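# Summary of the model geometry
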Amino acid sequence: MATTRSETLRTLAQLVADALPAEVAEEVVLTGSVSRGMADEVSDIEMLVVTREPLELEECFGLARAAGLEGLDTWGTQDGPARRVSGYREGEPLELVWWPREFAEERIDALFAGEVSSTADALVHGVPLRTSGLLEAWQERLRDYPEELAAKQIEEAALPWGGFTPAGVLTIIRSGERLALMEWMFDGAIRVLTIVSALNRVWPPTTKRLAARVEPLATKPDRLAERIEEALTEPDPRRALLVMTELQLDTVLLAPSGLNVDRARVWLAEAAKLLR
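In this text the structure is predicted, and so the values were computed from the model without any measurement. (Residues numbered from 1 in each chain as written. Predicted model: local features only at pLDDT ≥ 70, side-chain atom pairs only at ≥ 80, totals over all residues. Heavy atoms only, no water.)

### Comments concerning the side chain of Gln-153
With respect to the helices, strands and loops of the structure, Gln-153 is situated in helix α7 (residues 147–158). For Gln-153, the contacting residues outside a window of four places in its chain are Gly-114, Glu-115, Val-116, Tyr-145, Thr-194 and Ala-198. (Helix = DSSP H or I, 4+ residues; strand = E, 2+ residues; numbered from the N terminus. Contact = heavy atoms within 4.5 Å.)

This is the structure we're talking about:
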């Protein structure tokens, strides 16, 4: 059941969508926590606006302003066809991502080519605020997570876990190396989530609300979200790295055999032994 906050923000998002000219924006999709019915007091409104033709940033600003948004700004790179506009309406924060239709189709193709991103998950859980049938077609296509893509994602995710001596991990638990340790563990956590998503043939989610997102997955290491949280917050560097290394090991033990997976199983087991 959707939260009251989700219903409130969805109503506001619909007002914004309705104010965008249909001849410009052919598809408007509500994404993020509001689309999943999980919005709380700090949630914002996230929307994907699919346009018939590419727009300049100033055109997007004008359309957002006409739709009632104030305090407009942008973020991210501006060298491609995607545009990003943030702002407020009725005091609520909004983020509008603008994709021309051709670019949107290219982004879907890229997912099936192996690009790892949360785009697919956002679209799978997206809610149409205005539709010409594009979202339904994308969601139908995204229902199939190809087995060969899953195998490729698993092997690529396991790639860094081996090749250098396991004792090398000891260099990032020295005093003063916290940043290097956090970089390694953050990358490891993302790779664990990529493998777990592929094992369950679901598209990788964002890392927000992680416990709720991974809870229904059938194949996963025990206490997946809790162990990631523990590793990233544990003050003792050796203990933190051990928690993450054991989680990585448990993850590859669930994965099918492959060149990188098999190597990672041996390497991670040895690294965990050194850390104990």
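### Details of the nonpolar core
Counting 59 residues, the largest nonpolar core has Trp-138, Trp-161, Met-185, Ile-195, Leu-224, Leu-241 and Val-252 as its most contacted members. With 10 residues, the top contributor of residues to this core is helix α8 (residues 178–199). Those residues in contact with Leu-224 that lie beyond four places of it in its chain are Val-192, Leu-193, Val-196, Val-214 and Leu-247. Counting residues in each nonpolar core, the second largest holds 28 residues, with Val-16, Leu-55, Leu-69 and Val-85 among its members. (Core = buried A, V, L, I, M, F, W, Y, C linked by side-chain atoms within 4.5 Å. Buried < 20%, exposed > 50% of the residue type's maximum accessible area, 1.4 Å probe, protein only.)

### Notes on the pairing of strand β1 (residues 25–31)
Burial of β1 is extensive: 7 of the 7 residues sit out of reach of the surface. Sheet topology note: the β1/strand β2 (residues 45–51) ladder contains 6 bridges and is antiparallel. Looking across to β2, one finds that Val-28 is bridged to Val-49. Pairing analysis gives 3 bridges linking β1 to strand β6 (residues 127–130), with the strands arranged antiparallel. Bridging from a neighbouring strand, Val-29 pairs with Pro-128 of β6. (Pairing = 2+ DSSP bridges.)

### Comments concerning the pattern of salt bridges
Within the structure shown, the criterion is met by 18 salt bridges. For the salt bridge of Arg-5 with Glu-92, the shortest nitrogen-to-oxygen distance reads 2.9 Å. Within this pair, whereas Arg-5 is found in helix α1 (residues 4–19), its partner Glu-92 is found in strand β5 (residues 92–100), the two being separated by 87 residues in sequence. According to the relative accessible area criterion, Glu-92 is buried, its value standing at 19%. In this structure, the salt-bridge partner of Arg-276 is Glu-246, at a minimum N-O distance of 3.2 Å. Of this pair, Arg-276 sits in the segment after α12 (259–275) while Glu-246 is found in helix α11 (residues 237–254), placing the two residues 30 residues apart along the sequence. Under the relative-accessibility criterion, Arg-276 is labelled exposed at 59%. In the salt-bridge network here, residues are joined through shared partners; they are Glu-26, Arg-52 and Arg-101. (Salt bridge = Lys/Arg side-chain N within 4 Å of Asp/Glu carboxyl O.)

### A closer look at the packing of α11 against α12
At their nearest, the axes of α11 and α12 sit 9 Å apart, and the two run at 155° to each other. Comparing their axes, α12 and α11 come out roughly antiparallel. Every pair of crossing elements has a handedness; the one defined by α11 and α12 is left-handed. Residues Arg-238, Leu-241, Leu-242, Thr-245, Glu-246, Gln-248, Leu-249, Val-252 and Leu-253 of α11 touch α12, and the partners they reach there are Val-261, Ala-264, Arg-265, Leu-268, Ala-269, Ala-271, Ala-272, Leu-274 and Leu-275. Across the contact of α11 with α12, the residue classes tally to 13 nonpolar, 2 polar and 3 charged. (Axes fitted to C-alpha atoms, helices over the stretch in contact; angles between N-to-C directions. Parallel < 35°, antiparallel > 145°, perpendicular 65-115°, else oblique. Left-handed = near helix turned anticlockwise from the far one by under 90°. Nonpolar A, V, L, I, M, F, W, Y, C, P; charged D, E, K, R; others polar.)

### Some remarks on the packing of aromatic side chains
By the definition in use, this model includes 6 aromatic pairs. Ring geometry for Phe-112 versus Trp-203: centroids 5.4 Å apart, planes at 80°, classification edge-to-face. A residue pair is termed long-range when its members are at least 10 positions apart, and Phe-112 in helix α4 (residues 101–112) and Trp-203 in the loop between α8 and α9 (210–214) qualify at 91 residues. Among the residues examined, Phe-112 registers a relative accessible area of 22% and is labelled partly exposed. Ring centres 4.5 Å apart and planes at 40° place the aromatic pair Tyr-145 and Trp-203 in the tilted group. Within this pair, whereas Tyr-145 is found in the loop between α6 (134–142) and α7, its partner Trp-203 is found in the loop between α8 and α9, the two being separated by 58 residues in sequence. With respect to burial, Tyr-145 and Trp-203 carry one shared label: buried. (Phe/Tyr/Trp six-rings, centres within 6.5 Å; stacked < 30°, edge-to-face > 60°.)

### Considerations on the packing of α7 against α12
One way to put it is that α7 packs onto α12 with a least axis distance of 8 Å and a crossing angle of 40°. Considering their axes alone, α7 and α12 lie oblique with respect to each other. Crossing of α7 against α12: the hand is left-handed. Residue-level inspection shows Ile-154, Glu-155 and Ala-158 of α7 in contact with α12, the latter providing Leu-259, Asn-260, Val-261 and Ala-264. Taken together, the residues that form the contact of α7 with α12 break down as 5 nonpolar, 1 polar and 1 charged.

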